[in-house]
Amino acid sequence: MHRNPLPVLALFACAASMIMPAPSVGSGGARRTPKPSARATRTLLLEESARLHLVSTHGLSIKDRGTASGTFDCPLMLDIKARTAVTGSATFTARPHGGTISGRAHVRYSLGGTSGHFEGSATITGGTGSFARASGKGLRIEGTINLNNYSLTTQLSGEIHL
């Protein structure tokens, strides 16, 4: 018997819920040396929690929306895709006051009974506005999903550079 992929997709949505708009695509070609900045980089300890709800599904992808609280209290959008029976990836976008913060996550998950658990790593890939220089690697992401109603809770922690 095959399981409905929706619980797995909802789990991935939860995992991605902490950050991520789609990464920007470069123009390719030769590498450029970054210009010196008059603005110093600032490092923040990111501690976010989010509650998300399912918006739509398409094949093995799901879209979730919700609100993150902690370092930034802001709306969050997430697009998740199941890769295998135990792994997935996600892109997400947080919209704090002054711009957006984008990222991606890779998670492993397990399902049992009426709930699931996931954990993995996330990367901040960029941003806009006040967060145009946002970056961060090796952030920890984990969370749970209620398979009865697809409610998701997620926590993300690590350092973000602005």
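For the structure, see preceding data.
Values in this document were obtained by computation on a predicted structure and should not be read as measured data. (Residues numbered from 1 in each chain as written. Predicted model: local features only at pLDDT ≥ 70, side-chain atom pairs only at ≥ 80, totals over all residues. Heavy atoms only, no water.)

**Here's the deal with the overall build of the protein chain**
Logical step 1: When its secondary structure is counted, the protein chain shows one helix and eight strands.
Logical step 2: Its helices and strands in sequence order give the protein chain the pattern α-β-β-β-β-β-β-β-β, from N to C terminus.
Logical step 3: Per-residue burial for the protein chain yields a buried fraction of 42% across its 162 residues.
Logical step 4: Within the protein chain, residue pairs in contact and separated by at least 24 positions form 57% of the contacts whose partners lie at least 6 positions apart.
Logical step 5: Summed over its atoms, the accessible surface of the protein chain is roughly 9,100 Å², and 52% of this surface lies on carbon and sulfur atoms. (Helix = DSSP H or I, 4+ residues; strand = E, 2+ residues; numbered from the N terminus. Buried < 20%, exposed > 50% of the residue type's maximum accessible area, 1.4 Å probe, protein only. Contact = heavy atoms within 4.5 Å. Areas by Shrake-Rupley, 256 points an atom, 1.4 Å probe, with all protein chains shown as cover.)

**Regarding the pairing of strand β7 (residues 136–146)**
Logical step 1: Sheet topology note: the strand β6 (residues 115–129)/β7 ladder contains nine bridges and is antiparallel. When the sheet's bridge partners are listed, Ser115 is paired in β7 with Asn146.
Logical step 2: Between the antiparallel neighbours β6 and β7 lie six residues.
Logical step 3: Hairpin connection from β7 to strand β8 (residues 152–161): five residues lie between these consecutive antiparallel strands, with Tyr150 at a positive phi of about 60°. (Pairing = 2+ DSSP bridges.)

**With respect to the nonpolar core**
Logical step 1: Within the largest apolar cluster, 31 residues are counted, with the highest numbers of intra-cluster contacts made by Ile101, Ala134 and Ile160.
Logical step 2: Ala134 has contacts with Ile101, Ile124, Thr125, Gly126, Ile160, His161 and Leu162, leaving out every residue within four places of it along the chain. (Core = buried A, V, L, I, M, F, W, Y, C linked by side-chain atoms within 4.5 Å.)

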